[in-house]
Amino acid sequence: MLNINPRIMIITVASFKGGVGKSTTAFHLATYFQELAPTLLVDGDANRSALDWGARGDIPFKVVDEKQAVKHARKYEHIIIDTPARPDEDELKTIAEGCDLLVLPTSPDALALGATLKMVDALHDLDTSYRILLTIVPPKPNKAGIEARTAIQNVELPIFRGSIRRLAVFQKAALEGVPVNTVKDSYSAIAWQCYVDVAKEIQDDQGE
């Protein structure tokens, strides 16, 4: 556990499947909350995606690995944690119990949704607040996003009202080492608004 002020909000992003926008979500939530108060992104992913992202360019918040987090955490009001993909049972328990909200990103394909449902089952006996986030949602007329949302709602699982669209500008942002809202691209504002909407839902839930 991090030795931090109890008023600090901790948001953890986790998934049982790679390639669903987990690190992208952690990165852009950190970007949003940095605009409100000092925010720390803890990169606990073995791939060090967030650290690599930040090293390529200029980012508005501080990012550290999990070993450095203990030293830095008390200085920040918001902490976003990017976790290892496919955590085992003990890791999941630590992840879930150490945060105010667990964000579970999933793309709308069957494999990703199946992995998310397995994670939800594993969370069943843990005292944690979580919400599913649909990511990499294809544009209309593709109905995958609508169908995935309906399936999640039909089993009465908590899901964000907002979702993250499948946009190439996210890859462009990663290559440039910057948040998507600073990329010179006609879709950058649209991509950024996806995360703004999600972050505002988090604010409302957490009473920020």
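1. A look at the packing of aromatic side chains
Next, step 1: The tally for this structure, following the rule as stated, stands at four aromatic pairs.
Next, step 2: Taking the centre distance of 4.1 Å and the plane angle of 10 degrees together, the rings of phenylalanine 27 and tryptophan 53 count as stacked. Of this pair, phenylalanine 27 sits in helix 1 (residues 22-34) while tryptophan 53 sits in helix 2 (residues 49-56); the two residues are 26 residues apart in sequence, bridging distant segments of the chain.
Next, step 3: On the basis of relative accessible area, phenylalanine 27 is assigned to the buried category, the value being 0%.
Next, step 4: What links up through ring pairs into an aromatic cluster is the set Phe27, Trp53 and Phe61.
Next, step 5: Between the NZ or CZ atom of arginine 131 and the centre of the ring of phenylalanine 160, over which it lies, the distance is 5.1 Å.

2. Some thoughts on the packing of helix 1 against helix 2
Next, step 1: Running from amino to carboxyl end, helix 1 crosses helix 2 at an angle of 55 degrees, the nearest separation of the two axes being 9 Å. Here helix 1 is positioned oblique relative to helix 2, judged by the angle of their axes. Of the two possible hands of crossing, helix 1 and helix 2 adopt the one that is right-handed. Residue-level inspection shows Ser23, Thr24, Phe27 and His28 of helix 1 in contact with helix 2, the latter providing Ser49, Trp53 and Gly54.
Next, step 2: Partitioned by chemical class, the residues of the contact of helix 1 with helix 2 number two nonpolar, five polar and no charged.

3. Points about the nonpolar core
Next, step 1: Counting residues in hydrophobic clusters, the biggest one holds 37 residues, and the most contacted among them are Ile11, Leu29, Phe33, Leu41, Ile80, Val103 and Ile202.
Next, step 2: Every element with two or more residues in this core is listed here: strand 1 (9-13), helix 1, helix 2, strand 5 (101-106), helix 7 (169-176) and helix 8 (188-206).
Next, step 3: If you look at the next biggest cluster of nonpolar residues, it comprises 30 residues, including Ala73, Cys99, Ile132 and Leu157.

Scoring rules and cut-offs
Residues numbered from 1 in each chain as written. Predicted model: local features only at pLDDT ≥ 70, side-chain atom pairs only at ≥ 80, totals over all residues. Heavy atoms only, no water. Phe/Tyr/Trp six-rings, centres within 6.5 Å; stacked < 30°, edge-to-face > 60°. Helix = DSSP H or I, 4+ residues; strand = E, 2+ residues; numbered from the N terminus. Buried < 20%, exposed > 50% of the residue type's maximum accessible area, 1.4 Å probe, protein only. Lys NZ or Arg CZ within 6 Å of the ring centre and 35° of its normal. Axes fitted to C-alpha atoms, helices over the stretch in contact; angles between N-to-C directions. Parallel < 35°, antiparallel > 145°, perpendicular 65-115°, else oblique. Left-handed = near helix turned anticlockwise from the far one by under 90°. Contact = heavy atoms within 4.5 Å. Nonpolar A, V, L, I, M, F, W, Y, C, P; charged D, E, K, R; others polar. Core = buried A, V, L, I, M, F, W, Y, C linked by side-chain atoms within 4.5 Å.

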